Amino acid sequence: MGKTKINLTHAMKILFLLGIIMVTNLAYVTSFFAMFGEQMENVESGVNNYDAYIRLVPIISLSSIILADYLQMARFFRKKNLEVVADTLKFAFIQTLITLATKDLTGERAFPRSVILLSFIVIIIYIFTWQMCCMIMSRKVFETGNLVIIGSNTATMNQVKDKIFPSLKSVDLDFSRLVKYSDKRAVRSVIKSNVEIFLCPDVPEDVKSDIILQCAKYNTVVYVVPQFYEISLYKAKVINLNDLMVMMMDRMGLTFEQRLFKRIFDIIISVIALILSSPIIALSAVIIKLTDGGPVFFRQERLTINNKPYKIFKLRTMRIDAERETGAVISGKNDPRVTYFGKFLRRSKIDEVPQFLNVLMGDMSVVGPRSERPEFVSSFEKEIPGYSQRFAVKAGITGLAQVAGNYDTTAQDKLRYDLLYIKNYSILQDIKIIFMTIRAVFTPHLYNQSFEDNKKTIVSTEAAKIMDNKVIEGEDNE
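Rules of the game
- Residues numbered from 1 in each chain as written.
- Predicted model: local features only at pLDDT ≥ 70, side-chain atom pairs only at ≥ 80, totals over all residues.
- Heavy atoms only, no water.
- Pairing = 2+ DSSP bridges.
- Helix = DSSP H or I, 4+ residues; strand = E, 2+ residues; numbered from the N terminus.
- Axes fitted to C-alpha atoms, helices over the stretch in contact; angles between N-to-C directions.
- Contact = heavy atoms within 4.5 Å.
- Buried < 20%, exposed > 50% of the residue type's maximum accessible area, 1.4 Å probe, protein only.

Draft legend 1. Quick look at the sheet that holds strand β3 (residues 196–199). If you trace the four strands from one edge of the open sheet to the other, you get β2-β1-β3-β4, paired in parallel fashion. Both edges of this open sheet fall to β2 (173–180) and β4 (222–224), since each of them pairs with a single strand only. Averaged over all adjacent pairs, the angle separating strand axes in this sheet is 25 degrees, with direction ignored. When strand β1 (residues 145–151) meets β3, the two strands line up parallel, connected through four bridges. By the bridge assignment, V148 is partnered in β3 with I197. Each of β1, β2 and β3 touches helix α6 (residues 184–192); the most contacted strand, β2, lies at about 155 degrees to it. Across the sheet, helix α7 (residues 205–217) touches β1, β3 and β4, and the angle it forms with β3 is around 165 degrees.

Draft legend 2. Molecular detail of the side chain of S371. For S371, the position within the fold is in the loop between β9 (364–367) and α12 (374–383). The exposure class assigned to S371 is buried, which follows from its relative accessible area of 1%.

Draft legend 3. Examining the environment of P309 more closely. Mapping P309 onto the fold places it in strand β8 (residues 309–315). Setting aside chain neighbours within four positions, we find P309 in contact with E301, R302 and L303.

As structure tokens, then:
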């Protein structure tokens, strides 16, 4: 076997892990000086507190490097700032628990708990700073990658290019060129070159499988839009039937205990949200009434778990007769149906706040797939395979599809996020999505397309026929 060569990437990872040991221990030293200054000896007992820490340095150092490796903190490839924050919090929490347990198990009682608890905060600051420095250094050292899009035809590939282009800079990628999958020689050449590949959703399954295998052979990074059955395999349980490895696709939905804890979580969050937001709702109601004299609240039939219908509550952001002329059209940039104050309500997400009443009533959850109108659901279930699976849980005020997408992200793309959320459900994920929702309030990008572009797009033949014959008050068609 050939010898493994240490390249620049390996050297940076070693440097990062050694730095983890240093900053973790520095956090404890800083905490000692913050608590005791230069006086490390306990006056009453005569025991030197710092000596107890010194004896635990080997264990603390070893646990920190193992924990950093477990969390893959040294992997900065395509890493986002939010991931750095998440890794930092996980590291600080687990490392603090390890230190507390080690102190008690080894009998080092002189190591003060106050220092360990203070070090939790200091570790967060030091580890986050070290990670960000290394990530910035990594981006400076390594060149921006080139992305090649592989698809069936130029029109489809250009659509994909336009969709993903705004996000390429954030992941240090530059667009290179388009390649048709039918051009096998060009595909092989691209795979062997030092580029990254994006596979369009229209690439046939057998061709996609072959390209992925070839990418694995040549260590080429490949981006794949997952089919719905592939999302169902996410975190699937692997079992052995005799000597045959199989992946068990469990039932969609939440277990009894997950539903119970989620309901308790929903009630607590909703009560707090309604109490804190009541002055804002009252002020918004007054402004809506004064600006156009119409109703303050908007109510519309939506579907939740098991396709159960219910009436959603929102602050009205559109004109009263919003769909009288246009019919059902997904909202977009420069939507003339949205009132002036409604634009602010949508931008700030304040229009969504009354839905916490729906949560208290048990129709919705704080986090879950976005509720949809029955007219659209009927069409989507016929047109989009697996769409009905999103109704395995309650509809949510916010969700993974909302924080990852835009108002006018397609139903098919939203479904991918909804199914991933259901498969990966946890209370911690709900909390993460809530914080991401708060961040989304300050994100300027709401729409992919303008209202006029969306008018030209027929949502579905059946939905269009229904809406031609029945005028339904319009609001936030997402």
